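# Coordinate analysis (summary)
Each chain, written out:
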Amino acid sequence: MFLSRLGTLMVLVGTLFAAPAAADPDEIIDALLTCKPDFFEVLKTEKSAFMPALLTQRLIPVAEFVESMASVATFQQAIMARGLRVEVYLQTVISGASAGSGDMRTHIWGVLVPDEPQEVIKSLEANVPGAKFEPLADGWMMSPENWERPDPWSLLLIRRYQDKYGMGSSIWCFAETAALKPMQGLPSVEDLLWKY
């Protein structure tokens, strides 16, 4: 009788302290590709897919003549997601209100991977159902027939990335303030990811 109850107790304790279900890194990339604010909820939910990250601030190239101070999370160990090796998550805000347009800050969030854009596009098109890309300026965007933009002022863009920290490709969402309603801003990186 005692041994039976002890066995039941051990099973219960084992259940309580069992490792949490493995996070799905593919879900993070899938959510990023939608370019919607609910990406941040997915990132918080699935953050155990990542190793702890070193959180820093640094200038990043956003466009040919534009740099911005970004919150950057560099992972201790990259993860594989949808055929990509994700090494860095970053986010930034660029202010640019024009006369009569109200608050038109541009919010940017996304990941950096070490591959060239053509390799990134090939991996995404092979591993994400329905993903197709077409050239846009100096990058590639999701083809309109395969992607419903969450807002006219939102855009998913894949570009070549290079600065003094390294090179590869950025997979970024650009969204004006209006597209983030009711959130109205980006959450803190410290709230989204493990840090060390």
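Below or above, wherever it landed, is the structure these notes cover.

### Examining the side chain of R58
Structurally, R58 is set in strand β1 (residues 53-63). With relative accessibility at 9%, the residue R58 sits in the buried group. Of note is the side chain of R58, whose polar atom sits 3.3 Å from the side chain of Y161. Leave out the neighbours within four places in its chain, and R58 touches S68, M69, A70, V72, T74, L112, Y161, D163 and Y165.

### Comments concerning the nonpolar core
General note: in soluble globular proteins, nonpolar side chains tend to be found buried as a group. By size, the foremost hydrophobic cluster in this structure holds 38 residues, and its most contacted members are F39, V86, Y89, W109, L124, I171 and L193. Within the second largest apolar cluster, 14 residues are counted, among which are I60, V88, L112 and M141.

### A word on the pairing of strand β6 (residues 139-142)
Looking down a regular strand, the side chains alternate between one sheet face and the other. Direction of pairing for strand β5 (residues 133-136) relative to β6: antiparallel, over a ladder of four bridges. Bridged to P135 within β6 is W140. Between β5 and β6, which follow one another and run antiparallel, lie two residues, and A137 among them has a positive phi close to 50°. Where β6 meets strand β7 (residues 154-163), three bridges bridge the pair, whose relative direction is antiparallel. Paired with M141 across the two strands is L157, which belongs to β7.

### Examining the state of the cysteines
Covalent bonding between the sulfur atoms of two cysteines defines a disulfide. Following the criterion strictly, the structure yields one disulfide and no others. Residue C35 pairs covalently with C173 via a disulfide, S to S 2.5 Å. Here C35 is found in the loop between α2 (25-34) and α3 (39-45), whereas its partner C173 is found in strand β8 (residues 166-176), with 138 residues between them in sequence. Both residues of the pair, C35 and C173, belong to the buried class.

What counts as what
- Residues numbered from 1 in each chain as written.
- Predicted model: local features only at pLDDT ≥ 70, side-chain atom pairs only at ≥ 80, totals over all residues.
- Heavy atoms only, no water.
- Helix = DSSP H or I, 4+ residues; strand = E, 2+ residues; numbered from the N terminus.
- Buried < 20%, exposed > 50% of the residue type's maximum accessible area, 1.4 Å probe, protein only.
- Polar contact = N/O pair within 3.5 Å; in protein donor to acceptor, adjacent residues only side chain to side chain.
- Contact = heavy atoms within 4.5 Å.
- Core = buried A, V, L, I, M, F, W, Y, C linked by side-chain atoms within 4.5 Å.
- Pairing = 2+ DSSP bridges.
- Disulfide = S-S within 2.5 Å.

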